[in-house]
Amino acid sequence: MTTPRFADRHIGPDAAAQRRMLETVGYDTVDDLMDAAIPEVIRWTGTLDLPPAATEDEVIAELRAVAARNTVAVSMIGLGYHGTHTPAVIRRNVLEDPAWYTAYTPYQPEISQGRLEALLNFQTMVTDLTGLTTANASMLDEGTAAAEAMTLARRASKATGDVYVVDADTLPQTIAVLATRAEPLGIEVRVLDLDTEPLPDRFFGLHLQYPGASGAVRDHAALVEAAHAAGALVTVAADLLALTLLRPPGEIGADIAAGTTQRFGVPMGFGGPHAGYLAVRAGLERMLPGRLVGVSRDAAGEPAYRLALQTREQHIRREKATSNICTAQVLLAVMAGMYAVYHGPDGLRSIATRVHQRAAALAAGLRTVDGVEVVHDVFFDTVLARVPGRAAEVVAAAERQGINLRLVDADHVGISCDETTTAEHVSTVWQVFGDVTGEPASAGTLPPALRRTGDFLTHPVFRSHHSETAMLRYLRRLADFDYALDRGMIPLGSCTMKLNATTEMEPVSWPEFANLHPFAPANQTAGYRDLVASLEGWLAEVTGYDAVSVQPNAGSQGELAGLLAIRAYHRDRGDTHRDVCLIPSSAHGTNAASAVMAGMRVVVVGCDVDGDVDLADLDRKIEAHRDNLAAIMVTYPSTHGVYEGGIAALCAKVHDAGGQVYVDGANLNALVGFAKPGRFGADVSHLNLHKTFCIPHGGGGPGVGPVAVRAHLAPYLPGDPLGGDDRPAVSAAHYGSAGILPIPWAYLRMMGPDGLRQATGTAVLAANYVAARLRGHYPVLYAGNKGLVAHECILDLRPLTKATGVSVDDVAKRLIDYGFHAPTMSFPVAGTLMVEPTESEDLTELDRFCDAMIAIRAEIDRVGSGEWPKGDNPLANAPHTAAMVGGDDWAHPYPRSVAAYPAGVDRRAKYWPPVRRIDGAYGDRNLVCACPPPEAFAD
Ligand SMILES: *Cc1c(COP(=O)(O)O)cnc(C)c1O
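Calculation notes
Residue indices begin from 1 for each chain and proceed along its sequence in written order. For this predicted model, a pLDDT threshold of at least 70 governs which residues receive local features, and a threshold of 80 or more governs which side-chain atom pairs are given and counted, while totals over whole chains, interfaces and linings are taken from all residues. Only heavy atoms go into the side-chain values, all of them from the structure, while hydrogens and water stay out. At least two bridges found by DSSP between two strands is the condition for calling them paired. Helix and strand assignments come from DSSP, with helices taken as H or I runs of at least 4 residues and strands as E runs of at least 2, each series counted from the N terminus. Nearness of a residue to a molecule or strand requires only that one of the residue's heavy atoms be within 4 Å of it. Polar contact criterion, stated in full: a pair of N or O atoms within 3.5 Å, where within protein one must be able to donate a hydrogen and the other to accept it, and residues adjacent in sequence count only if both atoms are side-chain atoms. Per-residue accessibility takes into account occlusion by the displayed protein chains alone, with areas from the Shrake-Rupley method and a 1.4 Å probe. In the scheme used here, Gly and all other residues not listed as nonpolar or charged are polar, with Ala, Val, Leu, Ile, Met, Phe, Trp, Tyr, Cys and Pro taken as nonpolar and Asp, Glu, Lys and Arg as charged. With a 1.4 Å probe rolled over the protein chains alone, any residue whose accessible area is under 20% of its type maximum counts as buried; one over 50% counts as exposed, and the rest are partly exposed. Each C-beta atom gives one direction from the helix axis, and the arc is the one those directions make. Note on definitions: a residue-residue contact is assigned when non-hydrogen atoms from the two residues lie within 4.5 Å. UniProt positions are given in the numbering used here, feature names are shortened, and annotations may be inferred rather than shown by experiment.

Relative to strand β15 (residues 412-416), strand β14 (residues 406-409) runs antiparallel, the two being bridged by three bridges. Across the sheet, residue Arg406 finds its bridge partner in β15, namely Gly414. Linking β14 back to β15 in an antiparallel pair, the connection comprises two residues.

For the rest of this paragraph, the subject is the site of the ligand. Around the ligand, a shell composed of 14 residues is seen, among which Thr327, Ser494, Asp664, His690 and Lys691 lie nearest. With respect to the ligand, the side chain of His690 contributes an N or O atom lying 2.7 Å from an oxygen atom. Protein contact buries 97% of the 380 Å² of open area that the ligand shows by itself. For the shell around the ligand, the element with the most residues is helix α19 (residues 555-572), which contributes three residues. Looking at side-chain class alone, the shell around the ligand contains three nonpolar, eight polar and three charged residues.

Bringing the sheet that holds strand β10 (residues 303-307) into the picture now. One open sheet holds the three strands; their spatial order is β10-β9-β26, and the pairing between them is antiparallel. Lying at the two open borders of the sheet, with one neighbouring strand each, are β10 and β26 (918-919).

Another aspect to go through is helix α5 (residues 88-95). All of the buried residues in α5 are Val89, Ile90, Asn93, Val94 and Leu95. Here the buried residues of α5 occupy an arc of 165 degrees about the axis, which is enough to place them on one side. Residues of α5 that are buried make contact with α6 (98-101), α12 (330-367), α15 (468-481) and α16 (502-505).

What follows deals with the environment of Arg477. With respect to the secondary-structure elements, Arg477 resides in helix α15. Distance from Arg477 to Gly114, taken between C-alpha atoms, is 7.6 Å for residues 363 residues apart in sequence.

Turning next to the environment of Leu278. Mapping Leu278 onto the fold places it in strand β8 (residues 276-280). Leu278 gets classed as buried once you look at its relative accessible area, which sits at 0%. With 132 residues separating them along the chain, Leu278 and Ala146 place their C-alpha atoms 8.1 Å apart. Not counting chain neighbours up to four residues away, the residues in contact with Leu278 comprise Thr134, Ala135, Asn136, Met139, Ala145, Glu148, Ala149, Ile256, Ala257, Ala258, Leu288 and Pro289.

A few words on the UniProt feature "domain: Glycine cleavage system P-protein N-terminal" (unreviewed entry) in the protein. Feature annotation in UniProt assigns "domain: Glycine cleavage system P-protein N-terminal" (unreviewed entry) to the following positions: residues 8-433 and 614-720. Annotation note: span residues 614-720, helix share 20%, strand share 19%, distance between end C-alpha atoms 40 Å.

A word on unusual backbone geometry. Following Gly701, the chain continues into Pro702 via a peptide bond in cis, with omega recorded as 20 degrees. For Pro702, the location among the structural elements is in the loop between β21 (684-687) and β22 (707-709). Geometrically, the link from Phe827 to Pro828 is a cis peptide bond, its omega value of 0 degrees lying close to zero. Structurally, Pro828 can be placed in the loop between β24 (824-825) and β25 (832-835). You will see that Leu79, though not glycine, has its phi angle at about 55 degrees, which is positive. Counting through the fold element by element, Leu79 comes out in the loop between β1 (74-75) and α5. Overall, the relative accessible area of 8% leaves Leu79 in the buried class.

Here it is as C-alpha cells:
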C-alpha cells in the first residue's frame, strides 16, 4: 500500500466527485474550467518552482530537523517576553483543540458564545489588573497596542501640537513601532529620560513603561499629573503580572494602558503570536479601536454576548476609521484569560511574588560580588547590573551556561526572572558575575506606596475553575457552545476557511519552536531563520514577487507595510507630494484605513454594473490626481469573487501616471499556480497566511500577513525593530508571529506544486458548483468570463427581501438551525451573502449546504405567500434553542420539528445554539464589557 498524498487528504472532493461537479457546472475538466474562468492576460502556465510534495511523516521529520537547529536556552532577557508555564490543560484543550483554533471571528454571536465568554474573561482580567474600565480583545502585540494608544491619545487630547513624549525606559521595540506609525501621521515621537529631562511645553500624549525596560519601578503619579495639566493623555505600558503586586495604572490616573499578555501562559514563539491588550478609562470606551466584546440580550431576554460598537468599524467608516486592525489574537487571548481563570487572583499573586523574590534574591547576591553594582533598588522581576567594561564578557559566560541575559551596553547587563526561573538559574547567574560572598539577604523591594492594595479578579469565574477537572469541563462547556470547522463547513467569503491539518499544527507546540525568545542570539535560532528564509522564498515563487517579509502579524499590517514601502519609494525619488491612494468602492475596509495610516488620501473609484472596477471612472480619477497619484489598491480576484478582465489595463494606466499598484492578496486561493500578481502588473501585495496558507483563524486570530514586493520596493520592506536602521517596524518582533510559521511551511511542503494547483482548481470548481446549484433559487450577483465566478460567489437576497421582508440576517440565523455557519453577510454588497466553499469541503458537505439553502428558499416563499406571518415564522425566530423548542409553551404557526429539525438535519448530530437571536443595538446602548454577575443568568 502506498501512503496517500497529503493533497488528497486536504482536498475534499475526490476524482469521481469532481466529475459530478464538473457536469453540473458544464465543463469536462478542471483545466477547461480554469481556462474559461481566468482571463488570458494574467494566466501563468508554468510549474511552480517548489520542492515536490512530501508526505506527512516526511514533513514532520524535516521539521524535527529544523527544530533541532534551534537551541532552547534559559531566557532571562526580558524586554516584554518571558518564560511561562502553559498549563497542560490549556495547551491541550485550547491551543491544540480544533474546537477553539478552527473557529472564525465571532461575528455570528449566536454560535460563538463560548469564545465570546472566554474573551469577556480576558477583558475583565485586563480591566481588573490595570484598574481601568474597558479593555478590548485584543491587540496584535505590545508595540502595535502602544501605537494604537498613541493615536487614541491624539484623537482624545485637547492639547495642540504633534509631540508624543515617550519615556526612554520604554521597550526599544515599542519605540521602533511607535516611530514607524508616527511618521506618516505627522506625529513627532520625542524620547526623553524623564528622570532627568523635563516634559516639553506642548505635547498631546505621554507613554510610560511600568516597570521600565531596565526593570526600574518608578512612581509615575507626578508625571501623570503634569501631563494632565498640559492637556495630554497618558498611556502606561504595564506588565500584567507585575500589576498583581503593584498599584495599577488606573489608580495613578492613567488614561490608557497597553501591553502584552504573553507571560500569562502563552509561549514566546520567537516573537509571537501573543495577545496584546489595550484598556481605557471611563469616557474613552467609544474611541477604543479593535474588537470589544459586550453583554446584550437575546430574543428571550436572556443575557448573551456579542461584539459591541465599532467592531467592524473599518467596514463602516472606511477611510474615517481610526485603526485598521481586523484579525486580532483571539486564540492567544483565550489562553491568557484561561491562565487567569485557572490560577485565580491568589495563584497569580503567588506566581508574581515568587518571581519577585527570585529577582530580589538575585540582586542581593549580586550586591555581594566585587565590581558589580545593582543599579535600581526598586524593581519587580528585572535586575540591572552595572559591570564597567565587562558586560559582553558576562553575557557570553552566561550563554555558555545555557542562560541568555540582556546585553544593555558595554557596562550594563539586564537579568529578568519569570515563573520558570529556578534557584539554580539564580546561582548560575551569580557565578558568571563573580563570587557571592556571605549570605545574601533577600527581601522584597517594593515600597508600600507602590504596592497594590485593592482586590482584583473578584468575579466567580476566576475563583471556580482551579482544579484540573473543573477547568477541563469549563473549556469543554464553552467549546460546545460554538460552531467551528470541527462541526461543519464555514463558507465565509473572503475568509477561506479551509482545512487546518493536524500535521501542520503539531510542530507549533514543540519547545524548539515555542520557547525561543525573539532576541535570542543568532547562533541559537538557525532553524527558525532557515524556516523563514525558505518560506519567504516559496511565497515569492507563488506570487511572482522578488522579496517577501513575514513580519506583519495580520493582513491589515501587511497592507500598512506595503503602503509604507510605496510611500518611501516615492519619497526617495523626490515625489513627496504623491499621496493619493485610489481604492475601488468594493474594497475591504482595512484597505482605506491602512491608506490613511500610511499618510495617504483616499480617492474612491466606482464599480460598473458588472461589479468590476469602472475603468472610465478610473481614467477620470487618474486625470484629476495624476500629479499626486501614489497608488491604487485593488483586490484580485475582486472582492466580488470575479476574475476581472481589466486588471492588466488597470495596472498599466496607474503605472503610466507614475503610481504603484497594490494588489490585496487575501483572495490568493483563486490564483495559486494559475496566476502571479507580481507578474501581471502589481508592485506589492500582502498575503493572508491565515486564509490561503492554512493558519487557523483561532476564533479571530492569530494571523500572518506577509508583504511581497517587486525588486524596486525591496529596500523598503520591514526591518528588525532592534536593527537600528531606518527600515520600518510594523511588529514588535523581527519575524512577527514566527511561532506559527511552521503551519504554512508544512502546507506548501506537503502540497507541492501540483497539489497547490489542484487546490486552486478545486476551490474554483466548488464555488462554481455552489453558484450553479443555487442560481435558480437566489440570483448570483456578479460573474466574469462565460458567467463563471472565481473562488466565491455572492447570492443576492435583496429582491427576496423586498418581496417578502425576509432579510439576510434571517437567512444567516436560519442556517444555524440547519447546522451551518452563515456565509459572509453584507460584504462587499449590503443585503447579500458571499459563499466561499474552499477546496477542503467534500461533495457531501457542499450538497448539504446547497440543499439547506434551497430548503430555506422554500421557507421564504411560504412567508412571501402569506402562509406564515412575517413576524412569526421559522426565519424570523431563528435560531431556535433547545430551551425554546423543548419549552412547555409553543404558540408559533409551525411545528417544533420544523423549528429544530428542518430537512436534512441529523437528529443525533444536531447543533443547538445556546442563545436565541441577539439584540446588538440593546447592548450598544447599555454597554457592559466585563463578566456579568452569575445572577444575570438565573432563571
Ligand atoms: C481578510 C482580508 C483583509 C484583512 O486581513 P486581516 O488579517 O483580517 O487583517 C484584507 N483584505 C481582504 C480582501 C480580506 O479578505
